[in-house]
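Structural overview
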Amino acid sequence: MALGSNHTTKTSAATFVPEVWSDEVIASFKSNLVLANLVKNMNHAGKKGDTIHIPAPIRGDASQKTAENQVNLISNTEGEVLVSIDKHFEYSRLIEDIVETQALNSLRQFYTDDAGFALAKRADTDLGNLFGGFQGGTNYSGAIVGSDGVTGWDPSANSNTGNGSALTDAGIRKMIQTLDDEDVPMSQRYLVIPPVEKANLLGIDRFTEQAFVGEVGGANSIRNGRVGNVYGVEVYVSSNVPTITADDSSTNYRAASMFHESAMVLITQVSPRTQTQYKQEYLGDLLTVDMLYGVNELRDNAAVVAAVPS
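It should be emphasised that the depicted structure is a prediction, and the values quoted were computed from it without experimental measurement.

Turning next to the overall build of the chain. Helix and strand counts for the chain stand at 8 helices and 13 strands. Intrachain contacts of the chain at a sequence separation of at least 6 include 73% that bridge at least 24 residues. Just so you have it, the chain exposes about 16,900 Å², and 49% of that area is on carbon and sulfur atoms.

If you want it as structure tokens, here you go:
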């Protein structure tokens, strides 16, 4: 028997299909991540527990073998890093029937993109908040300033306005040396900077010379302003890097960081999950996207943080 012309189809009710929402949210979430894509990621989906124990063994030294003597045995009490999965964030919208009926299809596109962006920003924020503890620091006491890569960050300098400074060629090379001196692997290193520092680096001839960046044509920094690779370190720009405030409580700086992927870890127990439920009492559809995860510092000396102007 043929159906009438007013029946509900999968097409006409597409916005109520959770799988569609979920795919779009996850795509938006992944496209908006910066820090989370550059650090160690562990998937804990479908597993129980709220604390992950990650072994942190101590590196051993080689010993010279002497004739007719026993080898030198290495005995370490190995450490571990604990990561609490305690960050549960959600994004919810109640879409009333009148909106569903009258609004353009682009409304759903906005909601899914907004949900993905909100959760991605939250994950990146929590990773960025770890910057303050690197190099044995507490609240950025281990940070340096960007101009020379040597001078320590001091929030009370200059009449309590702080001493942060813009990145320079010398400062970046010193940050690289700091990681080299700590035997941090040379691959998978990244420099994450705020937008103001992108503008600064593109104003330094050395960072836009074709001979330096190794790029030609449309990919060249001179033509499109792209910051790509500096001394073998991939450069990323994020407006979500942490803000550091000087002791005057009004002068702000941003925390740029050069780090290896082993510096931090993101453990995801529930990836962005989309659920919808019709709420008759509101005559609307409740859309909720949530995720459950944990972050922590893995290797203290695998990152260098520089205080740069805001």
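A word on the side chain of His 260. With respect to the secondary-structure elements, His 260 resides in strand S10 (residues 252-260). Looking at His 260, its side chain comes within polar contact range of the side chain of Ser 262, at 2.8 Å. If sequence neighbours within four positions are ignored, His 260 has contacts with Val 184, Pro 185, Ser 187, Gln 188, Arg 189 and Ala 302.

A separate point is the packing of aromatic side chains. Within the structure shown, the criterion is met by 7 aromatic pairs. Ring plane angle 70° and centroid distance 5.2 Å describe the contact between Trp 153 and Tyr 253, whose orientation is recorded as edge-to-face. With Trp 153 in the loop between strand S5 (144-145) and helix H4 (157-160) and Tyr 253 in strand S10, this pair connects stretches of sequence that are 100 residues apart. On the accessibility criterion, Trp 153 (8% relative accessible area) is buried. Seen in terms of ring centroids, Tyr 190 and Tyr 236 are 6.0 Å apart; in terms of plane orientation they differ by 70°. Their pairing is edge-to-face. Of this pair, Tyr 190 sits in strand S6 (residues 189-193) while Tyr 236 sits in strand S8 (residues 233-237), and the two are 46 residues apart along the sequence. An aromatic cluster is defined as three or more aromatic residues linked by ring pairs; in this entry it consists of Phe 131, Phe 134, Tyr 190, Tyr 236 and Phe 259.

Taking 1.5 Å of rise per residue, 13 residues should cover 18 Å, and helix H5 (residues 169-181) covers 18 Å from first to last C-alpha, within 8% of that figure. Within H5, the full set of buried residues consists of Asp 169, Gly 171, Ile 172, Met 175, Ile 176, Thr 178 and Leu 179. Remark: Asp 183 follows H5 within two positions and exhibits a positive phi of approximately 60°.

As a further point, take the confidence of the model for the chain. In low-pLDDT regions, the fine details of the predicted coordinates are not to be read closely. Residues with a pLDDT of 70 or more make up 86% of the chain, whose mean pLDDT is 84. Low pLDDT, under 50, characterises residues 221-226; the stretch is placed with 15 contacts to residues that sit more than four places away or in other chains.

A word on the sheet that holds strand S11 (residues 264-279). With respect to topology, 4 strands assemble into an open sheet ordered S1-S11-S12-S4, the strand pairing being mixed. The sheet is open, and its two edges are formed by strand S1 (40-43) and strand S4 (87-96), each paired on a single side. When strand polarity is set aside, the average angle formed by the axes of neighbouring strands in this sheet is 25°. As judged from the 10 bridges shared by S4 and strand S12 (residues 284-297), these two strands associate in the antiparallel manner. Its bridge partner being in S12, His 88 is matched across the sheet by Leu 292.

Further remarks concern the side chain of Ser 257. Note that Ser 257 resides in strand S10. Within the local environment of Ser 257, its side chain forms a polar contact with the backbone oxygen of Val 304, the two atoms lying 3.3 Å apart. Excluding residues that lie within four positions of it along the chain, Ser 257 makes contacts with Phe 131, Tyr 190, Leu 191, Val 192, Ala 303, Val 304 and Val 305.

Right, let's talk about the nonpolar core for a bit. Generally speaking, a soluble globular protein has its nonpolar side chains buried in company with each other. In this structure, Ile 172, Phe 259 and Met 264 are the most contacted members of the largest nonpolar core, which totals 60 residues. With residues up to four places along the chain from it excluded, the contact list for Phe 259 reads Leu 35, Leu 38, Val 39, Gln 188, Arg 189, Tyr 190, Val 192, Met 264, Ala 302 and Ala 303. Among the nonpolar cores identified, the runner-up in size contains 8 residues, and Ile 52, Val 83, Ile 267 and Leu 292 belong to it.

Looking now at the pairing of S6. Of all 5 residues that make up S6, 5 are buried, and the element is covered over most of its length. Of the two faces of S6, the one lined by Arg 189, Leu 191 and Ile 193 and the one lined by Tyr 190 and Val 192 are each fully buried. Strand direction decides the pairing type here: S6 and S10, joined by 4 bridges, are antiparallel. Looking at S10, one finds that Leu 191 is bridged to Met 258.

Turning next to unusual backbone geometry. Notably, Gln 135 is not glycine yet its phi reads approximately 55°, a positive angle. Even without being glycine, Asn 139 reaches a positive phi, approximately 55°. Looking at where Asn 139 falls in the secondary structure, it is placed in the loop between helix H3 (106-128) and S5. Classification of Asn 139 by relative accessible area gives exposed; the value is 65%.

What counts, and where the lines are drawn
Residues numbered from 1 in each chain as written. Predicted model: local features only at pLDDT ≥ 70, side-chain atom pairs only at ≥ 80, totals over all residues. Heavy atoms only, no water. Helix = DSSP H or I, 4+ residues; strand = E, 2+ residues; numbered from the N terminus. Contact = heavy atoms within 4.5 Å. Areas by Shrake-Rupley, 256 points an atom, 1.4 Å probe, with all protein chains shown as cover. Polar contact = N/O pair within 3.5 Å; in protein donor to acceptor, adjacent residues only side chain to side chain. Phe/Tyr/Trp six-rings, centres within 6.5 Å; stacked < 30°, edge-to-face > 60°. Buried < 20%, exposed > 50% of the residue type's maximum accessible area, 1.4 Å probe, protein only. Expected span 1.5 Å × (residues − 1). pLDDT = per-residue confidence, 0-100. Pairing = 2+ DSSP bridges. Axes fitted to C-alpha atoms, helices over the stretch in contact; angles between N-to-C directions. Core = buried A, V, L, I, M, F, W, Y, C linked by side-chain atoms within 4.5 Å.

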